[in-house]
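# Analysis of the macromolecular model
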Amino acid sequence: MTLDARRPRSIIAIASLALVLSTSGCNGDDASPPVAGPTTQTPTPTLTPSTPSSPPSPTTPSTTPSSTPSAVKVTQKRPGWALDRIDQRKRPLDQRFTTANQGQGVTVYIVDGLFDVKNPDFGGRATVGLPTGTACNLEDGTNHGLFVAGLVAGSRTGVAKRAKIVSVGDSYQCEGGSEATPAQRTARIVKALDWVAENAKKPAVVNLSLNIADSPPTFKAAVKQLIDKGLTVVASAGNDGEDACQHPPAGLPTVVTAAAMTQTDEDAGLNYGRCVDLYAPAENLTSLADASLSPNRLITSDFAATSWAAPLVSGTAALYLSAHPTASPAEVRTWLIDNSTKGVVKGNLRGSPNRLLFTGGPL
Ligand SMILES: [Ca+2]
């Protein structure tokens, strides 16, 4: 069985599970974007809420300490539930997303299917690094790489709205849907990781919203070289409902592994265990789409997927690196864990640590 966080068939199955979870305890305090119907063969660009709002505009340039290029706090109003949730310890949500910086000076490498880097929400901050492969479009039309990148740095949907994005292609028609064998797929990912190791400009984060079935030495070595070069690596825990340790890069040394939380702060029932570092929102998230799919270039993914949790963590790592550009991957990981909100994730965590991503607190 191919184990792929991006395989549409897996995600459809997950959608059902997430739906059950979310209907069991909704407390109605979220100002979430309109929710899409169940995932179908026909794309239904749902949302397009009048929110998330337009990009926040910091009005006051700061005189800043040298370690923080821009320490002015910036607040986005009506950001959608996910960003709203991760800047506060407790509910109710306050309809605000406030950060101490916006990831300026940091580059986030998106190892994924290719996407349109000219999407206006990137404001010219996104480029193509390795133009290998194709887009990975899910069955509802969502471009996986674009959705991921939008959660990292989209001006309306991202955590780090001034970080740079580099698209590093690894995909052919989504991995699970292509003709590639698992070995071929792994080889393509390794090639992409090697490109990042060769070309990355620090400070940098590498987002890996992907998981593989096996973990050959070449793959482990490719991930390790990123860490050794001082790049923070964030990975999805995987969507299989299994021990995340079985689904690398989740759980590899110093990799930050993100598990999925529902809109009602529950474990989403996806991968779990000691290889998880922290949870992040992963259900009913709004991110970027191509104009051909959604006129306002926004789409909401109603199912839960760890592919969506990881980029929120990557964006948060970019916030930290913006203030601490020489921080090592281990230091970034330690900060993410220590700074997380403890004890708020509900449900059966199956051995995962009860930590929720938190963007606030001292940087
Ligand atoms: Ca908030």
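Owing to the predicted nature of the structure, the values given are computational and were not obtained by experimental measurement. (Residues numbered from 1 in each chain as written. Predicted model: local features only at pLDDT ≥ 70, side-chain atom pairs only at ≥ 80, totals over all residues.)

Counting its secondary structure elements, the chain contains 7 helices and 13 strands. Relative to all contacts within the chain whose residues are 6 or more apart in sequence, the contacts with residues 24 or more apart total 74%. (Helix = DSSP H or I, 4+ residues; strand = E, 2+ residues; numbered from the N terminus. Contact = placed C-beta atoms within 7 Å.)

So, on to the environment of Gly 145. Take Gly 145: it is sitting in helix α3 (residues 144-153). Separated by 34 residues in the primary sequence, Gly 145 and Val 111 place their C-alpha atoms 8.0 Å from one another. When sequence neighbours within four positions are dropped, the list of residues in contact with Gly 145 reads Ile 110, Asp 112, Gly 113, Leu 114, Phe 115, Ala 135, Cys 136 and Ser 167.

Moving on, we get to the pairing of strand β5 (residues 164-169). Of all 6 residues that make up β5, 6 are buried, and the element is covered over most of its length. Along β5, one buried face is formed by Lys 164, Val 166 and Val 168 and the opposite face, lined by Ile 165, Ser 167 and Gly 169, is buried too. Here 6 bridges tie strand β3 (residues 107-112) to β5, and the two strands are oriented parallel to one another. Residue Ile 110 lies in a different strand from β5, and its bridge partner there is Ser 167. Bridge count between strand β4 (residues 126-130) and β5: 4 bridges; the pairing is parallel. Bridge pairing in β5 places Thr 127 opposite Val 166. Crossover handedness for the path β4 to α3 to β5: left-handed. (Buried ≥ 20, exposed ≤ 12 C-beta atoms within 10 Å, placed from the backbone. Pairing = 2+ DSSP bridges. Right-handed = clockwise from strand over helix to strand, strands pointing away.)

Our focus in this paragraph is the confidence of the model for the chain. Here the chain shows a mean pLDDT of 84. Residues at 70 or above account for 79%. Model confidence for the chain, summarised as mean pLDDT per element, is weakest for helix α1 (residues 8-23) at 30 and strongest for strand β9 (residues 278-281) at 99. When the criterion is pLDDT under 50, residues 1-70 qualifies, and its contacts beyond four places in sequence or with other chains add up to 167 contacts. (pLDDT = per-residue confidence, 0-100.)

What follows covers the packing of α3 against helix α6 (residues 306-323). A pair of packed helices is captured by two measures, namely the crossing angle of their axes and the spacing between those axes. The geometry of α3 relative to α6 is characterised by a closest axis approach of 7 Å and an angle of 35 degrees between their N-to-C directions. Like other packed secondary-structure pairs, α3 and α6 cross with a definite hand, here right-handed. In contact with His 144, Val 148, Leu 151, Val 152 and Ala 153 of α3, α6 contributes Ser 307, Trp 308, Pro 311, Leu 312, Ser 314 and Gly 315. The residue makeup of the contact of α3 with α6, split by class, is 7 nonpolar, 4 polar and no charged. (Axes fitted to C-alpha atoms, helices over the stretch in contact; angles between N-to-C directions. Left-handed = near helix turned anticlockwise from the far one by under 90°. Nonpolar A, V, L, I, M, F, W, Y, C, P; charged D, E, K, R; others polar.)

Our focus in this paragraph is unusual backbone geometry. Going from Arg 91 to Pro 92, the amide bond is cis rather than trans, its omega being 5 degrees. Positionally, Pro 92 belongs in the loop between α2 (81-86) and β2 (96-99). A positive phi angle, near 65 degrees, is found at Asp 265, a position not held by glycine. Inspection of the secondary structure assignment puts Asp 265 in the loop between β8 (256-261) and β9. On the basis of neighbour counts, which here come to 19 C-beta atoms within 10 Å, the residue Asp 265 falls in the partly exposed class. A positive phi is found at Asn 284, a non-glycine position, where the angle reads about 55 degrees.

With that settled, consider helix α7 (residues 329-339). All buried positions along α7 are accounted for by Pro 329, Val 332, Arg 333 and Leu 336. Considered in projection along α7, the buried side chains sweep an arc of 100 degrees and stay on one side of the axis. The outward face of α7, more than 90 degrees from its buried face, is lined by the exposed residues Ala 330 and Asp 338. Structurally, α7 contributes buried residues whose contacts are with α5 (217-228), β7 (232-236), β8, β9 and α6. (Arc of directions from axis to C-beta.)

Turning our attention to the nonpolar core. Judged by nonpolar contacts, the single largest core of 90 residues is most densely connected at Val 233, Ala 280, Ala 309 and Val 313. Top element by residues in this core is α6. It accounts for 11 residues. For Val 313, the residues in contact, after removing those within four places along its chain, are Val 234, Val 256, Ala 258, Ala 280, Leu 336 and Leu 357. (Core = buried A, V, L, I, M, F, W, Y, C linked by C-beta atoms within 7 Å.)

A word on the environment of Ala 330. Position of Ala 330 relative to the elements: it lies in helix α7. Remark: the alpha-carbon pair of Ala 330 and Gly 230, spanning 100 residues in sequence, is separated by 8.9 Å.

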